[in-house]
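# Summary of structural features
Residues per chain are reported as follows:
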2 protein chains.
Amino acid sequence: MAQQSIEWALSQGLINSGHRLRRLRGADPAGLAGRACPEGPTDRLRLLADLISWLFVMDDACDEDGLGAAPTLLAPTVAALLDVLDVHGASTDGPAAATAGPPGEALGDLCRRVSAAGTPALLLRFVGGVRDYLLALLWEAANREHGRVPEVAEYVQMRRHTGAVHPSFALTELAIGTLSGAASRTDPALVALDLLAADLVCWCNDLFSYGKENLDQADVHNLVVVIAGGRSGRDESSALRAAADRFNESLSAYLTTEAALLASGDDDLRSAVTARRNWIRATYDWSLAAARYA
Amino acid sequence: MAQQSIEWALSQGLINSGHRLRRLRGADPAGLAGRACPEGPTDRLRLLADLISWLFVMDDACDEDGLGAAPTLLAPTVAALLDVLDVHGASTDGPAAATAGPPGEALGDLCRRVSAAGTPALLLRFVGGVRDYLLALLWEAANREHGRVPEVAEYVQMRRHTGAVHPSFALTELAIGTLSGAASRTDPALVALDLLAADLVCWCNDLFSYGKENLDQADVHNLVVVIAGGRSGRDESSALRAAADRFNESLSAYLTTEAALLASGDDDLRSAVTARRNWIRATYDWSLAAARYA
């Protein structure tokens, strides 16, 4: 699947240099997708892997290639991609497609495949999650422009969107084979589990990538940096410990909430729980392995 | 209903000065809600009116009171309000409620009433629409900070979110009595109608408010200003004409799309169409009448 996923990214024009090809290969999007959903129909696993590839390409464009250095720089691209989402990837010959370029074409391809493989409700959920991701990138860009380190509470909230966890969970449920319905998704217990899982996936990523990002002075959008309040030096090790403590406390809360949910015996919830549990574990294992953080 | 709506805003602590009370009274949120849905159960009309009051208070806070002068200034409030949305207004004793203040309490009240009156799918739709509104306010704030006038295509896309049209349509369908399902909401014909209606509502607002905002030099977020490319003077009248032409072209497209949809005879679509048609007409009539633009 790894080769197919890279081929998709190449065929969509998402990669236009050897450096970017090596970067995406190193990030191993198919490896992460395969860990998040070890079994499932090939087309659905590929859809999840291709979403992850698209997100990695977007993240790198914003983070390392400078597109996200200021919201006014990023906004035209975000708006053009939102145009693609508004029509669920239907082809249009308006100016949007041209402005969005290959990421817009690729996003349209993802939308059309979600539409073909899933339900209308899943399509709306997917599109909504990617929309929030794109809008939240503008928040990151504003922080970068000012070298601003957000407060912890603000960071935790916004990180849920910049991590694009919700659309990833949605396509994982699709690959597993049972989509959680609206009633489950508004059930306070699943809402709580969902938020905990989203935070754990993002923070795990932050903890593993801290070494790299700190050395590069790359980005303030990391739980450790935010806890340290942007100060380096002797606060650094205590911030790293505080971030790990926070992760572990949320993991305990996750396990308690999960046990209560599974005890209810609702099969609709079982698949939703599996998707989230898989993602937490997958992120951990993949973070250890992936050359992305080498 | 006008008095009840003002009382709700007062009871939620959304208004803390005579100036703000006069401003909200002048904006007449209940008048707009009543025009958007002339009949319906009182509690649902009040819910729509209260959403509109909440949006007016937020818009004024960002636009006239300076909260939206820069994204880094606005972001803590946005994040705290997103926390409220994440748990659908369930009461929490975390720091979020305190940071969000009265707008957070009021938003929680709206979420709980939507949850009680509607379906789980409506709640998710409502919460998603308000989330996009809040995130899009950060985009506006970035433009204000730089005195930046966005390109027309970018503005048209983002205006759909800053206008909060989607959650307003959702609560209007609720008041009318038939909620469009996911299948309708992903039907390309209704998607097209929805986008046209959203644009028409926002642009109508822009055209009427242009006089006021131009005189005050208040805000670049207006279709006329964007078409003029931020230049005033002799370009102004041609920009105003171009904006009106754009409105009229979209109105024609709306009527054609609407006729085709109604000819299909699907009752699920009929209510969705009514909500959108009402909103276009309501915005026009209310704009003429409301002291907000006096």
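## Focus on the overall build of chain A
The secondary structure content of chain A amounts to 14 helices and 0 strands. Starting at the N terminus and ending at the C terminus, chain A contains elements arranged as α-α-α-α-α-α-α-α-α-α-α-α-α-α. On the principal axes, the C-alpha backbone points of chain A span a range of 55 × 50 × 30 Å. When the 294 residues of chain A are sorted by exposure, 55% land in the buried category. For chain A, contacts bridging at least 24 residues in sequence account for 72% of all contacts bridging at least 6. For chain A, the exposed surface amounts to about 11200 Å²; the carbon and sulfur share of it is 52%. With 26 positive and 37 negative side-chain charges, chain A shows a separation of 3 Å between the mean positions of the two kinds.

## With respect to the interface of chain B and chain A
In this complex, chain B contributes 35 residues to the contact, which on the side of chain A involves 35 residues. Between chain B and chain A, the buried area comes to about 3100 Å², and carbon and sulfur atoms account for 71% of it. Arg131 of chain A is the partner of Asp132 of chain B in a salt bridge, and the nearest nitrogen-oxygen pair spans 3.7 Å. At the surface where chain B touches chain A, the tally comes to 8 residue pairs in polar contact (both at pLDDT 80 or more). If you list the elements that add at least two residues to the side of chain B that touches chain A, you get helix H5 (71–86), helix H7 (120–146), helix H8 (152–162), helix H10 (182–185) and helix H11 (188–216) of chain B.

## Observations concerning the pattern of salt bridges
Residues and elements named next belong to chain B. On inspection of all chains with the given rule, the structure shows 36 salt bridges over all chains. Here Arg113 makes a salt bridge to Asp50, at a shortest N to O gap of 2.9 Å. Here Asp50 lies in helix H4 (residues 42–63) and Arg113 lies in helix H6 (residues 95–117), a separation of 63 residues in the sequence. Given a relative accessible area of 22%, Arg113 falls into the partly exposed group. Relative accessible area serves as the criterion here: at 0%, Asp50 is assigned to the buried category. When the shortest N-O distance is used, the salt bridge between Arg144 and Glu140 registers 3.3 Å.

## Notes on the packing of H7 of chain B against H8 of chain B
Residues and elements named next belong to chain B. Two elements in contact, H7 and H8, have axes whose closest approach is 8 Å; the angle formed by their N-to-C orientations is 135 degrees. In terms of orientation, H7 lies oblique with respect to H8. Of the two possible hands of crossing, H7 and H8 adopt the one that is left-handed. Contact with H7, carried on its side by Asp132, Tyr133, Ala136, Trp139 and Glu140, involves Glu154, Tyr155, Met158, His161 and Thr162 of H8 and no other residues of that element. Among the residues making up the contact of H7 with H8, the classes are represented as 5 nonpolar, 2 polar and 3 charged.

## Observations concerning the packing of helix H8 (residues 152–162) of chain A against H5 of chain B
At a minimum axis separation of 9 Å, H8 of chain A and H5 of chain B run at an interaxial angle of 65 degrees. Taken together, H8 of chain A and H5 of chain B sit at an angle that is classed as roughly perpendicular. Judged by the twist between their axes, the crossing of H8 of chain A over H5 of chain B is left-handed. The segment H8 of chain A lies against H5 of chain B, with Glu154, Gln157, Met158, Arg160 and His161 of chain A engaging Ala75, Pro76, Ala79, Leu82, Asp83 and Asp86 of chain B. Within the contact of H8 of chain A with H5 of chain B, the residues separate by chemical class into 5 nonpolar, 2 polar and 4 charged.

## Let's talk about the packing of aromatic side chains
All names here are of chain B. Per the stated rule, a full pass over the model turns up 8 aromatic pairs over all chains. Considering the side-chain rings of Phe56 and Trp286, the 5.7 Å spacing of their centres and the 25 degrees angle between planes classify their relative orientation as stacked. With a gap of 230 residues between them, Phe56 in helix H4 and Trp286 in helix H14 (residues 267–289) connect regions that are remote in the sequence. Each member of the pair, Phe56 together with Trp286, is buried. Taken together, a centroid distance of 5.5 Å and an interplanar angle of 80 degrees make the contact between Phe208 and Tyr284 edge-to-face. Taken together, the residues span a long stretch of sequence, with Phe208 in helix H11 and Tyr284 in helix H14 at a distance of 76 residues. The exposure class assigned to Phe208 is partly exposed, which follows from its relative accessible area of 27%.

## A word on unusual backbone geometry
One non-glycine residue, His88 of chain A, lies in the positive phi region at around 55 degrees. Mapped onto the elements, His88 of chain A comes out in the loop between helix H5 (71–86) and helix H6 (95–117). Classification of His88 of chain A by relative accessible area gives buried; the value is 12%. If you check the backbone angles, Ala164 of chain B has positive phi at about 50 degrees while not being a glycine. Residue position: Ala164 of chain B is located in the loop between H8 and helix H9 (165–176). Its relative accessible area of 2% is what places Ala164 of chain B among the buried residues.

## Brief notes about the relation of the copies chain B and chain A
Of the transformation placing chain B onto chain A, the axial shift is 0.0 Å and the rotation is 180 degrees, giving an RMSD of 0.0 Å. Such a combination of rotation and displacement between the chain copies is what one expects of a two-fold axis. By C-alpha distance to the rotation axis, the residue of chain B lying nearest is Leu135 of chain B, at 3.0 Å.

## Quick notes on the environment of Val149 of chain B
All names here are of chain B. In this fold, Val149 is placed in the loop between H7 and H8. On the accessibility criterion, Val149 (24% relative accessible area) is partly exposed. Separated by 70 residues in sequence, Val149 and Asp219 place their C-alpha atoms 9.5 Å apart.

## A short note on the nonpolar core
Counting 182 residues, the largest nonpolar core has Trp54 and Leu134 of chain A together with Trp54 and Leu134 of chain B as the members making the most contacts within it. Once you skip the residues sitting within four places of it in the chain, Trp54 of chain B turns out to touch Trp8, Leu14, Leu81, Pro103, Ala106, Leu107, Leu110, Val130, Tyr133 and Leu134 of chain B.

## With respect to the confidence of the model for chain A
All names here are of chain A. Averaged over every residue, the pLDDT of chain A is 92; the share at 70 or more is 92%. Helix H11 (residues 188–216) is the least confidently modelled element of chain A, averaging 87 in pLDDT, while helix H7 (residues 120–146) averages 98, the highest of any element. Quick note on the complex model: pTM equals 0.96, ipTM equals 0.95.

What counts and how
- Residues numbered from 1 in each chain as written.
- Chains lettered and ligands numbered in written order.
- Predicted model: local features only at pLDDT ≥ 70, side-chain atom pairs only at ≥ 80, totals over all residues.
- Heavy atoms only, no water.
- Helix = DSSP H or I, 4+ residues; strand = E, 2+ residues; numbered from the N terminus.
- Buried < 20%, exposed > 50% of the residue type's maximum accessible area, 1.4 Å probe, protein only.
- Contact = heavy atoms within 4.5 Å.
- Areas by Shrake-Rupley, 256 points an atom, 1.4 Å probe, with all protein chains shown as cover.
- Lys, Arg positive; Asp, Glu negative; His and termini not counted.
- Charge placed at Lys NZ, Arg CZ, Asp CG, Glu CD.
- Buried area = accessible area lost by both parts, 1.4 Å probe.
- Salt bridge = Lys/Arg side-chain N within 4 Å of Asp/Glu carboxyl O.
- Polar contact = N/O pair within 3.5 Å; in protein donor to acceptor, adjacent residues only side chain to side chain.
- Axes fitted to C-alpha atoms, helices over the stretch in contact; angles between N-to-C directions.
- Parallel < 35°, antiparallel > 145°, perpendicular 65-115°, else oblique.
- Left-handed = near helix turned anticlockwise from the far one by under 90°.
- Nonpolar A, V, L, I, M, F, W, Y, C, P; charged D, E, K, R; others polar.
- Phe/Tyr/Trp six-rings, centres within 6.5 Å; stacked < 30°, edge-to-face > 60°.
- Least-squares fit on C-alpha atoms with pLDDT ≥ 70 in both.
- Core = buried A, V, L, I, M, F, W, Y, C linked by side-chain atoms within 4.5 Å.
- pLDDT = per-residue confidence, 0-100.

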